[in-house]
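Take a look at the letters that make up each chain.
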Amino acid sequence: MTSPDELPRWATKIAVLLRDDLAPWQALNVTSFLVSGIVATGPELVGEPYEDADGTGYLPMIRQPVMVLQGPGELLATARTRALERALTPAVFTAELFSTPGDVQNRAAVKAVAGTDLDLVGLAVHGPRNAVDKVVKGARMHP
């Protein structure tokens, strides 16, 4: 087993910030959707496929840890602003997306609302460690 001192120090960070009042299934669902957005725009974040000793192949995964944090809705709005100020494009998940039937409707629901008025339940960013740390400042680790 690798000790924490032996783990690589990544130059970048992936952080998911969730609103602190989500049901467990919502938190997991939102995290999955948000991380897919990060990976879609950062293919270099994905490692090589896995294979077991029997030769069975498995899908590749993200190469670096994903920090999952939580905070109140106001913090998500602030984090969105901070990300944009640092030229980091966030992935967003709004409360309305829990009731839309699909991808096209999801985009339409976000487009219908001004950015500062989005009812954010989740946000994810990838970028330089120090910039991401500033974006999610004030959040706490998700339990």
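Before any of the text, the structure's been laid out above.
Residues numbered from 1 in each chain as written. Predicted model: local features only at pLDDT ≥ 70, side-chain atom pairs only at ≥ 80, totals over all residues. Heavy atoms only, no water.

(A) Region of interest: the packing of aromatic side chains. Taken as a whole, this structure holds three aromatic pairs when the rule is applied. Centroid distance Trp25 to Phe98: 5.7 Å. Interplanar angle 65°. Geometry classified as edge-to-face. Here Trp25, found in helix H1 (residues 24–41), pairs with Phe98, found in the loop between strand S5 (91–94) and helix H3 (103–111); they are 73 residues apart in sequence, far enough to count as distant. Accessibility expressed as a relative area gives 27% for Phe98, which makes it partly exposed. Here Phe33 and Phe93 contribute two aromatic rings whose centre-to-centre distance is 5.8 Å and whose plane-to-plane angle is 50°, an arrangement assigned as tilted. (Phe/Tyr/Trp six-rings, centres within 6.5 Å; stacked < 30°, edge-to-face > 60°. Helix = DSSP H or I, 4+ residues; strand = E, 2+ residues; numbered from the N terminus. Buried < 20%, exposed > 50% of the residue type's maximum accessible area, 1.4 Å probe, protein only.)

(B) A look at the pairing of strand S1 (residues 12–19). The element S1 is extensively covered by neighbouring structure, given that seven of its eight residues are classed as buried. Relative to strand S6 (residues 120–128), S1 runs antiparallel, the two being bridged by seven bridges. Bridge pairing links Leu17 to Leu123 in S6. (Pairing = 2+ DSSP bridges.)

(C) Examining unusual backbone geometry more closely. Positive phi, close to 60°, is recorded for Ala87, a residue that is not glycine. With respect to the element layout, Ala87 can be found in the loop between helix H2 (73–85) and S5.

(D) Focus on the pattern of salt bridges. On inspection of all chains with the given rule, the structure shows five salt bridges. Residue Asp103 pairs with Arg107 through a salt bridge whose shortest N-O separation is 2.4 Å. Taken together, the residues span about one helical turn, with Asp103 and Arg107 both in helix H3 at a distance of four residues. Look at the salt bridges and you will find they share partners, linking Arg19, Asp21 and Asp119 into a network. (Salt bridge = Lys/Arg side-chain N within 4 Å of Asp/Glu carboxyl O.)

(E) Examining the sheet that holds strand S7 (residues 140–141) more closely. Read across the open sheet, the five strands follow the order S5-S6-S1-S4-S7; overall the sheet is mixed. Looking along the sheet, the strands with just one partner apiece sit at the ends: S5 and S7. When strand S4 (residues 66–71) meets S7, the two strands line up antiparallel, connected through two bridges. Looking at the pairing, Leu69 lines up with Met141 of S7. Along the sheet, H1 makes contact with S1, S4, S5 and S6, crossing S6 at roughly 35°. (Contact = heavy atoms within 4.5 Å. Axes fitted to C-alpha atoms, helices over the stretch in contact; angles between N-to-C directions.)

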